[in-house]
Amino acid sequence: MTKFQEFYANVRNCDVQPIRQEVVTRCGVSQVTFNNWRNGIFEPTSHYLSHINAVAVEFGYEKVYVI
């Protein structure tokens, strides 16, 4: 399981859609790319890690990645 896949699998149900939308918006990626991250097909590149960490913290989760 990839780090992003593991993080998203453990998100509370009430946060699933808001986190998805925020990650797509902040990272500027498509829904397809997000689904690839969620399904573990590939991990986000280093360019997106700080954005994903910021979203996680904003919603009360620990940072996903150590940068």
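Residues numbered from 1 in each chain as written. Predicted model: local features only at pLDDT ≥ 70, side-chain atom pairs only at ≥ 80, totals over all residues. Heavy atoms only, no water.

A. Spatial organisation of the pattern of salt bridges. A complete count under the given rule lists 3 salt bridges for this structure. One salt bridge connects Asp 15 with Arg 12, and the closest N-O pair in it is separated by 2.8 Å. Judged by relative accessible area, which is 44%, Arg 12 ranks as partly exposed. Note that Arg 26 and Glu 22 form a salt bridge whose closest N and O atoms lie 2.9 Å from each other. Of this pair, Arg 26 and Glu 22 both sit in helix α2 (residues 16-27), 4 residues apart, which is roughly one turn of that helix. For Glu 22, a relative accessible area of 23% gives the class partly exposed. Overlapping salt bridges, with partners in common, bring together Glu 22, Arg 26 and Glu 58 in one network. (Salt bridge = Lys/Arg side-chain N within 4 Å of Asp/Glu carboxyl O. Buried < 20%, exposed > 50% of the residue type's maximum accessible area, 1.4 Å probe, protein only. Helix = DSSP H or I, 4+ residues; strand = E, 2+ residues; numbered from the N terminus.)

B. Quick peek at the environment of Lys 3. Along the chain, the position of Lys 3 falls in helix α1 (residues 3-9). Apart from the residues within four sequence positions on either side, Lys 3 is in contact with Glu 43, Val 64 and Tyr 65. (Contact = heavy atoms within 4.5 Å.)

C. Region of interest: α2. The end-to-end C-alpha separation of α2 is 16 Å, in line with the 16 Å expected for 12 residues at 1.5 Å each. Buried within α2 we find Ile 19, Arg 20, Val 23, Val 24 and Cys 27. The arc that holds every buried residue of α2, seen down its axis, measures 130 degrees, which confines them to one face. Within α2, the exposed residues directed more than 90 degrees away from the buried face are Gln 17 and Thr 25. Those residues of α2 that are buried lie in contact with α1, α3 (31-38) and α4 (46-58). (Expected span 1.5 Å × (residues − 1). Arc of directions from axis to C-beta.)

D. Looking closely at the nonpolar core. With 20 residues, the main nonpolar core has Phe 4, Phe 7, Ile 19, Val 23, Trp 37 and Ile 52 as its most contacted residues. Of the residues forming this core, the biggest block, 5 residues, is contributed by α4. If sequence neighbours within four positions are ignored, Val 23 has contacts with Gly 28, Phe 34, Trp 37, Ile 52 and Val 55. (Core = buried A, V, L, I, M, F, W, Y, C linked by side-chain atoms within 4.5 Å.)

Everything listed here is a matter of coordinates, which is why it stays silent on function.
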